[in-house]
Amino acid sequence: MAREDVERVREAIDIVELIGSTLDLRKAGKNYKALCPFHQEKTPSFYVFPETQSFYCFGCGASGDAITFVMRTEQLGFREALERLAERAGITLQSSRLHDDQEDEHRQRLFELNRLAAAWFAHVLWSTAFGEPARAYLERRGVDRATAERFGLGFAPDAPAALLRYLTQRGASADELVQAGLVVRRDDGSLVDRFRNRVIFPIRDRQGRILGFGGRSLGDVQPKYLNSPQTPLFDKSSVLYALDLAEESIRAQRSAIVVEGYLDAITAHQFGYSNTVASLGTALTERQGKLLRRLADRILLALDADAAGRQATLRGLELLRTALADAERPVADPRQLVRFERTLGVELAVVVLPEGFDPDDLIRQDRPRWEAALARPVPLVDYYLDALLGSQPPAHPREAAALLERVAPLLLELGDPVQVDLYTRAVAHRLHLPEETVRRLLASYRRRPVKSSSSTNGQQPGQRPLTTEQQLIALLLRYPDAAAIFLEELDQESLLDVRHREIVQALRSGVVGAETGWPDELTEYVAFLRERVAAQPDLPAPLARQALRDALRRLRRERHDERLRSLLSEVRVAEQTGDRAALRSALELIEALKQRFPEFYPERSPYFRDTRDPVT
Ligand SMILES: [Zn+2]
């Protein structure tokens, strides 16, 4: 919302018109120039570029966008300048600090209600007679008390409105409780607890705050498992159960085990497999995959082995691959990062469980077999091929062709030619087809325009790629440690978008932490940038520094080239018209540009013809 405010203003204001209303602008090629308002000069070196909606002074280096111009000429802060321009453009800003605070307060209130509810569920489980059936259930399932307490388990008694009464006495309103998903309003308007006669599994975020609950029925009531509905806090598709307890271990091992259910995760933790999380569904969602990718290099999927589980695993794998493949990978240094281009940057493998076992059963009943399965996960591609091709060779050539159509996209995704070759042969062998046939089909696939698989996946297909400037800022946000030295040397001249300057300034001053403290005009935008790079593989410190250095250099190169191009076109015009004064001033500005970007003007060798001249 706040992000849209800034964008709407930037779109509504034309920088030429804005600056032209205070300065005497003259046309210079495609651009405009004037005497610089920020330093004393006799010939104009202050340029306005309509194309990039920015200004730049070749004399003093002042630069920026429309909002920056107003900030500098009228001595205003970011927020005030934004308001001034919004007024000028007739735009009503949507955001206000008040609104965000209210929103925040509302969420805090829901967290508080969840916390109270969880404490009450736990109290009922451990300290009342009502909890007896649940205690017996946990004992039967072999969950020890220490583990149960670590996961915050509880029990919702078989009473229509016990929690409702408890929380109402503590000042909660009916509306709040319905919003929190703890209470259901029936058609006749009466209120009833959502969870009744169920063992309660609190679902927590990475910080351990309770987002929602899962409840397992102890009676015959269906469904066996009931979750909180979608609430302002709880979104099932983006939650990984037990991540708060597993994160440290996943980071340390760079490896995560994904199971399906609450008890699978709890049992795994109880037996020491503390890098385990549960997907709480039959498939891993894109957002879950991205969440994990930031922590782990290796993701092991340990899902049920029965037919449904197998299908679920396949769906999970497809989704995860999509999530990872869609990630924008840094292309900063081609040599060092080529690996990320070629592969997904994460190892995906399937822990194949014996027929009829889920991880919970297997860990308890046959730990050596679990260990063995864990030690020999099947690489994703092999598992996928096994599942798709089955164990029997196809009976009919048409069937073989259909199967080939299904596996071809997967083979193409491998990228690495050695792997492609290897699997091509394996597939040909299993389908009883000549290798040549498989190769021909793959080649025809390669020529076909690839339909983005992401379009079916909730991701916006038309998402604009990040600009060089945005990429740099996103990297600074992503790698605060590596960013420190770059913040020092980053010149504001290269940043044209005022939001990026504000972000850099906030980072420099150290007023913002990892997640908190952004001015509300920037919170949404910062979140947007973070989100866009969230799925990129986490770079180790030296590579992060390299990526930052490259992004910074790329940005300076871009700025330099844009400015040089505009001056060179002026030179050309001046030469054609024989305007010696214009020619001289343009050449002077080129000289000034060299001073500001010395790295692109290395000293020329007196012995060799230099081929390093910048492109025009
Ligand atoms: Zn100037």
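Residues numbered from 1 in each chain as written. Predicted model: local features only at pLDDT ≥ 70, side-chain atom pairs only at ≥ 80, totals over all residues. Heavy atoms only, no water.

**Comments concerning the overall build of the protein**
So, point 1. Each helix and strand in the protein was counted, giving 26 helices and 16 strands.
So, point 2. Across the 616 residues in the protein, those meeting the buried criterion constitute 49%.
So, point 3. Sequence-distant contacts in the protein: of pairs separated by 6 or more residues, those separated by 24 or more amount to 66%.
So, point 4. Element-wise, carbon and sulfur atoms account for 50% of the exposed surface of the protein, whose accessible area totals about 30,500 Å². (Helix = DSSP H or I, 4+ residues; strand = E, 2+ residues; numbered from the N terminus. Buried < 20%, exposed > 50% of the residue type's maximum accessible area, 1.4 Å probe, protein only. Contact = heavy atoms within 4.5 Å. Areas by Shrake-Rupley, 256 points an atom, 1.4 Å probe, with all protein chains shown as cover.)

**Things to note about the coordination of the zinc ion**
So, point 1. Taken together, C36 (SG), H39 (ND1), C57 (SG) and C60 (SG) make up the full set of protein donors to the zinc ion, lying 2.1 to 2.3 Å away.
So, point 2. Considered as a linear motif, the donors of the zinc ion on their single chain read C-x2-H-x17-C-x2-C.
So, point 3. On the accessibility criterion, C36 (7% relative accessible area) is buried. (Donors = N, O, S within 2.8 Å, 3.2 Å for Na, K, Ca; no water.)

**A look at the environment of R293**
So, point 1. For R293, the position within the fold is in helix α12 (residues 286–293).
So, point 2. Note: C-alpha distance between R293 and E347 (54 residues apart in sequence) is 9.9 Å.

**Re unusual backbone geometry**
So, point 1. With omega at -5°, the peptide bond leading from Q222 into P223 counts as cis.
So, point 2. Examined against the element boundaries, P223 turns out to sit in the loop between β10 (210–217) and β11 (225–227).
So, point 3. Look at N197: it is not a glycine, yet its phi comes out positive at around 50°.
So, point 4. If you trace the backbone, N197 turns up in the loop between β8 (191–193) and β9 (198–204).
So, point 5. The backbone of A242 shows a phi angle near 75°, a positive value even though the residue is not glycine.
So, point 6. Structurally, A242 can be placed in the loop between β11 and α10 (243–253).

**A word on the sheet that holds β9**
So, point 1. Strand order in this open sheet of 4 strands is β6-β9-β10-β11, and the pairing throughout is antiparallel. The open sheet has two edge strands, β6 (154–156) and β11, and neither has a second partner. Averaged over all neighbouring strand pairs, the angle between strand axes comes to 35°, with direction disregarded.
So, point 2. Where β9 meets β10, 7 bridges bridge the pair, whose relative direction is antiparallel. Each bridged residue has a counterpart across the sheet, and for I203 the counterpart in β10 is G212.
So, point 3. Contacts between helix α11 (residues 262–270) and the sheet are confined to β9, β10 and β11, with β9 contributing the most and set at about 75° to the helix. (Pairing = 2+ DSSP bridges. Axes fitted to C-alpha atoms, helices over the stretch in contact; angles between N-to-C directions.)

**Digging into the packing of helix α23 (residues 498–509) against helix α24 (residues 520–533)**
So, point 1. Put simply, α23 and α24 touch, their axes get as near as 11 Å, and they point 90° apart. As judged from the angle between their axes, α23 and α24 are roughly perpendicular. Residues R499, H500, E502 and I503 of α23 form the contact with α24, whose own contacting residues are L522, Y525, V526 and L529. (Parallel < 35°, antiparallel > 145°, perpendicular 65-115°, else oblique.)

**Topic: the packing of helix α3 (residues 66–74) against helix α4 (residues 78–89)**
So, point 1. Two elements in contact, α3 and α4, have axes whose closest approach is 9 Å; the angle formed by their N-to-C orientations is 110°. The angle between the axes of α3 and α4 places the two elements in the roughly perpendicular class. Both α3 and α4 take part in a crossing whose hand is right-handed. Taking contact as the criterion, the partners of A66, I67, V70, M71 and E74 in α3 are, on α4, F78, A81, L82, R84 and L85.
So, point 2. Of the residues assigned to the contact of α3 with α4, the class counts are 8 nonpolar, no polar and 2 charged. (Left-handed = near helix turned anticlockwise from the far one by under 90°. Nonpolar A, V, L, I, M, F, W, Y, C, P; charged D, E, K, R; others polar.)

**Looking at helix α8 (residues 162–169)**
So, point 1. Residues A162, L163, L164 and L167 constitute the buried set of α8.
So, point 2. Where α8 terminates, the next one or two residues include G171, which has phi positive at roughly 95°.

**Details of the side chain of S45**
So, point 1. With respect to the element layout, S45 can be found in the loop between β2 (31–34) and β3 (46–49).
So, point 2. Within the structure, the side chain of S45 is placed 2.3 Å from the side chain of E41, a separation counted as a polar contact.
So, point 3. If we skip the residues at most four places from it in the chain, S45 touches A34, H39, Y56, C57, F58, G59 and L589. (Polar contact = N/O pair within 3.5 Å; in protein donor to acceptor, adjacent residues only side chain to side chain.)

**Focus on the sheet that holds strand β1 (residues 26–28)**
So, point 1. If you walk across this open sheet you meet the 5 strands as β1-β2-β3-β4-β5, and the pairing is antiparallel. Each edge of the sheet is formed by a strand with only one pairing partner; in this case those strands are β1 and β5 (63–64).
So, point 2. Along the sheet, helix α25 (residues 541–577) makes contact with β1, β2, β3, β4 (54–57) and β5, crossing β3 at roughly 105°.

**As for the pattern of salt bridges**
So, point 1. Scanning the entire structure with this criterion turns up 28 salt bridges.
So, point 2. A salt bridge links R79 to E83; the shortest N-O distance between them is 3.0 Å. Of the two residues, R79 and E83 both sit in helix α4, 4 residues apart, roughly one turn of that helix.
So, point 3. Judged by relative accessible area, which is 36%, E83 ranks as partly exposed.
So, point 4. Residues joined by salt bridges that share partners form a network here, namely E7, R10, D65, D497 and R499. (Salt bridge = Lys/Arg side-chain N within 4 Å of Asp/Glu carboxyl O.)

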